[in-house]
Every structure is written in C-alpha cells, then in structure tokens.
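Coordinates in review
These are the residues of each chain, in order.
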Amino acid sequence: MSAATTYHPPLVGFIGAGNIARALAGGLINSGWDRSRLILSDPDAAQRDGVAQLLGLEVHADNAAVAARADILVFAVKPQALAAAATALATVAQHQHPLVVSVAAGVRIGDLERWLGGNLPVVRVMPNTAVLVGAGACGLYANALVNETMREQAESILRAVGVTVWVEHEEQLDLVTALSGSGPAYFFLVMEALEQAATEQGLPHATARLLALQTAYGAAKMALEGSEEPAILRRHVTSPGGTTEQAIRVLEQGGLRKLFKDALTAAARRARELAEIFGKSA
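The following paragraphs examine the structure supplied in this document.

Calculation rules
- Residues numbered from 1 in each chain as written.
- Predicted model: local features only at pLDDT ≥ 70, side-chain atom pairs only at ≥ 80, totals over all residues.
- Heavy atoms only, no water.
- Helix = DSSP H or I, 4+ residues; strand = E, 2+ residues; numbered from the N terminus.
- Contact = heavy atoms within 4.5 Å.
- Axes fitted to C-alpha atoms, helices over the stretch in contact; angles between N-to-C directions.
- Parallel < 35°, antiparallel > 145°, perpendicular 65-115°, else oblique.
- Nonpolar A, V, L, I, M, F, W, Y, C, P; charged D, E, K, R; others polar.
- Buried < 20%, exposed > 50% of the residue type's maximum accessible area, 1.4 Å probe, protein only.
- Lys, Arg positive; Asp, Glu negative; His and termini not counted.
- Salt bridge = Lys/Arg side-chain N within 4 Å of Asp/Glu carboxyl O.
- Pairing = 2+ DSSP bridges.
- Core = buried A, V, L, I, M, F, W, Y, C linked by side-chain atoms within 4.5 Å.

**Regarding the side chain of Asp111**
Positionally, Asp111 belongs in helix α6 (residues 109-116). Not counting the four nearest positions on each side in its chain, Asp111 is found in contact with Ala275 and Gly279.

**Notes on the packing of helix α8 (residues 172-181) against helix α9 (residues 183-200)**
Relative to each other, α8 and α9 sit at 30 degrees, their axes nearing to 5 Å. By the criterion of interaxial angle, the relationship of α8 to α9 is roughly parallel. Of α9, the residues touching α8 (which contributes Ala178, Leu179, Ser180 and Gly181) are Gly183, Pro184 and Tyr186. Looking at the contact of α8 with α9 residue by residue, the class counts come to 4 nonpolar, 3 polar and no charged.

**So, the side chain of Asp174**
In this structure, Asp174 sits in helix α8. No salt bridge is formed by the buried Asp174. Its closest oppositely charged neighbour is Arg124, at 4.3 Å. What Asp174 contacts, discounting residues up to four positions off in sequence, is Arg124, Ala268, Ala271 and Arg272.

**Considerations on the pattern of salt bridges**
According to the stated counting rule, one finds 12 salt bridges in the structure shown. With a shortest N-O distance of 3.6 Å, Asp71 and Arg37 are connected by a salt bridge. You can see Asp71 sitting in the loop between α3 (63-67) and β4 (72-75) and its partner Arg37 sitting in the loop between α1 (19-30) and β2 (38-41), a full 34 residues away along the chain. With a shortest N-O distance of 3.4 Å, Glu155 and Arg159 are connected by a salt bridge. A residue pair is termed a helical-turn pair when its members lie 3 or 4 positions apart in one helix, as Glu155 and Arg159 do in helix α7 (residues 148-159) at 4 residues.

**Structural notes on the sheet that holds strand β7 (residues 136-142)**
Read across the sheet, 8 strands follow the order β3-β2-β1-β4-β5-β6-β7-β8 without closing on themselves; strand pairing throughout is mixed. With one partner strand each, in any of the chains shown, β3 (58-60) and β8 (162-166) form the two edges of the open sheet. When strand polarity is set aside, the average angle formed by the axes of neighbouring strands in this sheet is 25 degrees. In this fold α7 packs onto β1 (12-15), β4, β5 (99-102), β6 (122-126), β7 and β8, with an angle of close to 145 degrees to the strand it touches most, β8.

**A word on the nonpolar core**
Nonpolar side chains tend toward joint burial in soluble globular proteins. Residues Phe14 and Val123 are the most contacted members of the largest nonpolar core, which totals 32 residues. At 6 residues, the largest contribution of residues to this core is made by α1. Within the second largest apolar cluster, 30 residues are counted, among which are Leu11, Ile15, Ala67 and Val107.

**Re the environment of Ala206**
Note that Ala206 resides in helix α10 (residues 205-225). With relative accessibility at 58%, the residue Ala206 sits in the exposed group. Note: C-alpha distance between Ala206 and Glu195 (11 residues apart in sequence) is 9.0 Å.

**Things to note about unusual backbone geometry**
Even without a glycine there, the phi angle at His97 is positive, about 50 degrees. Here His97 is to be found in the loop between α5 (90-96) and β5. Classification of His97 as partly exposed rests on a relative accessible area of 40%. The phi dihedral of Asn119 is positive, around 60 degrees, even though this residue is not glycine.

Pasting the structure below:
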C-alpha cells in the first residue's frame with residue numbers, strides 16, 4: 001500500500017432504520033466507527049428522520065441506493081418483510097457481492113440466499129432486545145462462503161452492542177432463540193413475580209420493584225464478572241438452615257427446572273415453525 005493510499009473501513013449499509021438498526025449503528029459509532037461509512041435506508045419517513053436526528057447518519061428512502069454501495073449489507077427488517085426486501089435487491093446484491101448479515105429472527109440462511117440469487121457470503125444473527133441498551137446476547141451462524149475476515153467484520157458489528165457467540169450448526173440458532181432471544185422475557189417475569197410477592201406481603205410497591213431489579217442486576221453482574229459458575233454462586237448464598245435454603249427448596253419442589261426446560265423446548269419448537277412459515281413467504 002502506498003503512502004498516499006488511505007484505508008477506509010468497510011461501508012456498512014442497513015436495510016431498515018428501526019430500533020435494532022439504530023442500536024447497531026449507534027454501537028458502531030460509540031466504538032469508533034467512521035460515521036461516513038454507515039448508511040441506512042427505510043421507506044418510513046419518520047424512521048429516516050429519527051435516525052438522521054439521533055445519529056446524524058446518511059439515510060435513504062430507496063433500499064437499492066444503500067445496497068449498491070454497501071460492503072456489508074445488514075438486513076434489519078421484520079422477518080415477514082425480509083423476503084420482499086431481499087428479492088427486490090437480488091440484482092444489486094449480485095453485482096455488489098457484499099457480506100450479507102441478517103438480524104431478522106427466524107429466517108434461515110438458505111431462504112435468504114435463494115431470495116438474493118445465491119452465491120453470497122451470509123451471516124445469520126439471532127440478537128435479543130438488550131442490544132437496545134448495549135447489553136445484547138447474539139448468536140451467529142455463517143454459510144460456507146464467509147471467510148475469517150468476514151466473520152470478524154460481522155462479529156465487530158454485533159460486539160458493539162453486547163456479547164457474541166458462534167454456533168456450528170444453523171439449527172442451534174433455534175435454541176439460541178429460545179434461550180437468549182426470548183430470555184429477557186423470562187427474567188422480566190421472574191422480576192415481576194418477586195415484586196408482586198413482596199408487595200402482597202407488605203413491602204411498598206416502589207421498594208419491592210427497586211429491590212427486585214437491583215438484585216437481578218447484581219446477580220447477573222456477579223455471574224458475568226466472576227470466575228465461578230452460577231451453581232457455585234448459588235451455593236455460596238445458600239447457607240444451611242437459612243432463609244435462602246428454604247426459598248430454594250420451595251422453587252425446586254415446585255419444578256422450576258422442568259418448567260424452564262419445557263419453556264425452552266416450546267420456544268425452540270416455535271422458532272422452527274416460524275422459520276418454515278417465513279421461508280414459504282416468497
């Protein structure tokens with residue numbers, strides 16, 4: 001490379017300018033990505049105005065205007081809208097040959113490849129809603145055309161809003177969907193139940209909510225930042241004959257573990273069903 005040559009990072013183009021796209025673009029900006037190398041498109045004028053005002057990024061009404069320039073093309077549209085969006089961009093994508101990243105939950109790589117005309121490197125991502133606050137948990141799967149550099153590029157986009165893990169088999173993304181994709185709702189339900197139980201037994205509502213939320217945050221922080229697995233941390237808190245032991249016994253006798261197992265099984269089954277539905281939408 002000559003001294004006069006200036007390196008530019010890949011241009012990332014987002015199809016869709018909703019909450020997930022904004023979170024990803026904002027995360028990239030916060031991590032130092034050049035704003036001029038981020039562009040978005042959305043048919044909704046309100047979404048375009050929101051992105052322009054919030055992030056100060058270039059945004060278009062025409063998806064093709066973004067796809068024609070993108071080195072990395074991120075589909076951040078609703079799953080049921082992906083078939084139409086991808087099919088409309090097939091000719092442009094075949095000419096530009098970008099790395100394609102899909103954050104549309106439940107849509108299989110094979111279907112996206114088909115809609116785009118095939119022979120493209122594609123990474124499928126299962127994010128969760130915590131990417132909106134920079135604390136996401138995202139599972140990724142790549143097709144055979146994605147090389148190591150492309151893997152790093154895709155991962156860098158998602159790492160800007162949380163943690164990332166790669167899975168070896170695409171069907172494992174159904175389990176990722178059941179665990180971390182749907183998972184925030186499980187923890188919200190636990191927080192809700194703890195808050196309600198404490199309120200019904202006499203704590204003021206605001207006090208019960210604050211203690212439930214902060215306790216959930218503290219437990220997650222200890223598990224993430226420590227070196228011990230959750231089972232060990234639980235045992236540390238559970239003194240023999242103490243209050244925690246009594247509570248854990250009630251939860252175990254109530255079948256909590258089986259409930260979570262059944263819940264993940266049901267969610268994964270529904271993820272497979274939805275993939276079939278979305279795949280037949282075009």
